[in-house]
Amino acid sequence: MATHPIVEYTSPSSWALIEDKFSPYAKETLAKLIKFMEEDVYPAVRIAHAQLPTDPEARWKTVIPVLVDLKAKAKQLGLWNLFLSKAHYPQWGVPLSNLEYAVMAEVLGRGGQLASEAVNCSAPDTGNMEVLARYGSPEQQKKWLVPLLNGETRSAFSMTERFVASSDATNIRTSIRQEGNELVINGHKWYISGAGDPRCALHLVLGKSDPDNSDKYRQQSIVIVPANHPGVKVIRPMKVFGYDDAPEGHCEIIYEDVRVPLENLVYGWGKGFEIIQGRLGPGRIHHCMRSIGAAQYALDLLLQRVTDPAKKTFGKYLYEHGTVVADIAKSRAEIESARLLVLSAALQIDKAKAKGALKEIGIAKFVVPSMACQVIDRAIQSFGAEGVSQDTPLAALYAGLRTLRIADGPDAVHIQQIGQRELKRAPALAQRQAEIKKREKALAQKHGVKAHL
């Protein structure tokens, strides 16, 4: 039987562990995706960068031509909306599990934003489509979800605020109040990804709709705000380590007396926190798997660099110096470990949904980006000055991965949650140990052993 091409990108052992959990359709789709990436997407990454104008105004009004071509071909090949599982979204999804898509996301991670957007699987649209598919009304789905699923529009998720610690979503100050048949939104957001894109049609805005509710997790609601609506003011694109990530961007936005119809409320009054928890779980795993793809790509670049005869120093290949071989081995081990962690989280989501996989998702979220940053840093070091330049993808990869340690909940929050979850095991452990001690004492008496028990 022929070996699946995925083993060239992951490892034979990790594939052997999950291959029997892949449907024939998933295996075929994965192989088709790899071919599309190799033949069309990966060669287009630098072309897409060249097609983005350097002019500070024009770059925010540009739809990259090569991306348009890639999306058309991906749709024709059936490589479209791969993230949306039919098991969870029967009306809109494709017959892929979270586990199956997780492996595809690793392949996409090698091609950056272009690869994910080419197959309509890029953030923040993926999370927003899941919100509308799960919580949206039929009218909201027809007006806002269908164009997103078709790749005709893009979207933004407007949560993070400039003047509060937004890692605690209960701190959000943006106000949502009802006046007759309208909702009025006032607030100041920033780092709102996707809001700079000329195709952005809607913002999903999280705000406080019931600040006096005794349950602080029922104070928030989410409202659909058209991107070009009166009162929506995009102030500026924020930069990430100097990158503006145009044309999507990460924008600072002020909502000033924005009025939308009451039917733009998503799911119900006070449901905002519930929605964002459901939204972030699968999205975090998608990010983590793409991060592993990025780390694997960085390791591949490192290997090519340190074995390049043109880059010998002092008469030796770079791998013959210092700790380079050890760095390669550590990188390989760290990538393999992280991949298994993410695959187990994806499998748990399939079995118990995101709510039943909080532990696995949380661990992956603080382990994987740090691992990827470390691997990319080693690759940068092997390239020297070129590694931090615009001539390799490594600097941009590092900027994106370092940011991921903050996005979707900072490392410290996930670490705290996992630590607290572990502490809850202590009483049961103490009880189990007491039972063992009891049996140990009885056994010692039976055998006449006077051990210090």
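Please read all numbers here as calculations on a predicted model, not as lab measurements.

Which parts of the structure should I look at to understand the side chain of Ser 158?
Structurally, the position occupied by Ser 158 is in strand S1 (residues 154-158). There is a polar contact of 2.9 Å between the side chain of Ser 158 and the side chain of Tyr 255. Excluding residues that lie within four positions of it along the chain, Ser 158 makes contacts with Lys 189, Ile 192, Leu 204, Val 205, Leu 206 and Tyr 255.

Sorry, what's going on with the packing of helix H7 (residues 125-135) against helix H8 (residues 138-149) here?
For any two helices packed against each other, one specifies the inter-axial angle together with the distance between the axes. At a closest axis distance of 10 Å, the pairing of H7 and H8 adopts a crossing angle of 145 degrees. Note that H7 runs across H8; the crossing there is left-handed. The residues of H8 that touch H7, namely those facing Asp 125, Met 129, Leu 132 and Ala 133, are Gln 141, Trp 144, Leu 145, Leu 148 and Leu 149. Each residue belonging to the contact of H7 with H8 can be placed in one class, and the counts come to 7 nonpolar, 1 polar and 1 charged.

It is not clear to me how the UniProt feature "domain: Acyl-CoA oxidase/dehydrogenase middle" (unreviewed entry) in the protein chain should be interpreted in this structure. Could you clarify?
If you check UniProt for "domain: Acyl-CoA oxidase/dehydrogenase middle" (unreviewed entry), the listed places come out as residues 156-258 in our numbering. The span residues 156-258 carries 0% helix and 50% strand; its end-to-end C-alpha distance comes to 16 Å.

Just checking my understanding: could you explain unusual backbone geometry for this structure?
With glycine set apart, most residues show a phi of negative sign, and most peptide bonds adopt trans. Between Ala 123 and the following residue, Pro 124, the backbone shows a cis peptide bond with an omega angle of 0 degrees. Here Pro 124 shows up in the loop between helix H6 (112-118) and H7. Going from Ala 246 to Pro 247, the amide bond is cis rather than trans, its omega being 0 degrees. Relative to the helices and strands, Pro 247 resides in the loop between strand S6 (232-238) and strand S7 (250-261). For Asn 120, which is not glycine, the phi dihedral falls at a positive 60 degrees. Note on placement: Asn 120 falls in the loop between H6 and H7.

Before we go on, may I ask you to explain the packing of helix H9 (residues 272-306) against helix H12 (residues 394-404) in this structure?
With their axes 11 Å apart at the nearest point, H9 and H12 run at an angle of 150 degrees to one another. One way to sum up the angle between H9 and H12 is to call them roughly antiparallel. Here the hand of the crossing between H9 and H12 comes out left-handed. Together, His 287, Ser 291, Ala 294, Tyr 297, Ala 298 and Leu 301 of H9 and Leu 394, Leu 397, Leu 401 and Leu 404 of H12 make up the contact between the two elements. Class assignment for the residues of the contact of H9 with H12 results in 8 nonpolar, 2 polar and no charged.

Explanation requested: the pairing of S7 in the structure shown.
Strand direction decides the pairing type here: strand S3 (residues 182-193) and S7, joined by 9 bridges, are antiparallel. Bridge pairing in S7 places Leu 183 opposite Val 260.

Teacher, can you tell me more about the pattern of salt bridges here?
Any two side chains of opposite charge can pair, on the condition that their charged atoms come close. What the rule picks out here adds up to 29 salt bridges. Between Lys 35 and Glu 39 there is a salt bridge, and its shortest N-O distance comes to 3.3 Å. On the criterion of helical spacing, the pair formed by Lys 35 and Glu 39 is a turn pair, its members being 4 residues apart in helix H2 (residues 24-41). On the basis of relative accessibility, which here comes to 47%, the residue Lys 35 falls in the partly exposed class. For Glu 39, a relative accessible area of 49% corresponds to the partly exposed category. Taking the shortest distance from any N to any O, the salt bridge between Arg 110 and Asp 300 comes out at 2.9 Å. One end of the pair, Arg 110, is in the loop between helix H5 (98-109) and H6; the other, Asp 300, is in helix H9, and 190 residues separate them in sequence. Neither Arg 110 nor Asp 300 differs from the other in exposure class; each is buried.

Can you help me understand the pairing of S3 in this one?
In the case of a regular strand, side chains alternate between the two sheet surfaces. Direction of pairing for strand S2 (residues 175-179) relative to S3: antiparallel, over a ladder of 5 bridges. Each residue of the ladder has a partner; that of Gln 178, found in S3, is Leu 183. Between S2 and S3, which pair antiparallel one after the other, the connecting turn spans 2 residues, and Gly 180 there sits at a positive phi close to 65 degrees.

Parameters at a glance
Residues numbered from 1 in each chain as written. Predicted model: local features only at pLDDT ≥ 70, side-chain atom pairs only at ≥ 80, totals over all residues. Heavy atoms only, no water. Helix = DSSP H or I, 4+ residues; strand = E, 2+ residues; numbered from the N terminus. Polar contact = N/O pair within 3.5 Å; in protein donor to acceptor, adjacent residues only side chain to side chain. Contact = heavy atoms within 4.5 Å. Axes fitted to C-alpha atoms, helices over the stretch in contact; angles between N-to-C directions. Left-handed = near helix turned anticlockwise from the far one by under 90°. Nonpolar A, V, L, I, M, F, W, Y, C, P; charged D, E, K, R; others polar. UniProt positions renumbered as here; feature names shortened; annotations may be inferred. Parallel < 35°, antiparallel > 145°, perpendicular 65-115°, else oblique. Pairing = 2+ DSSP bridges. Salt bridge = Lys/Arg side-chain N within 4 Å of Asp/Glu carboxyl O. Buried < 20%, exposed > 50% of the residue type's maximum accessible area, 1.4 Å probe, protein only.

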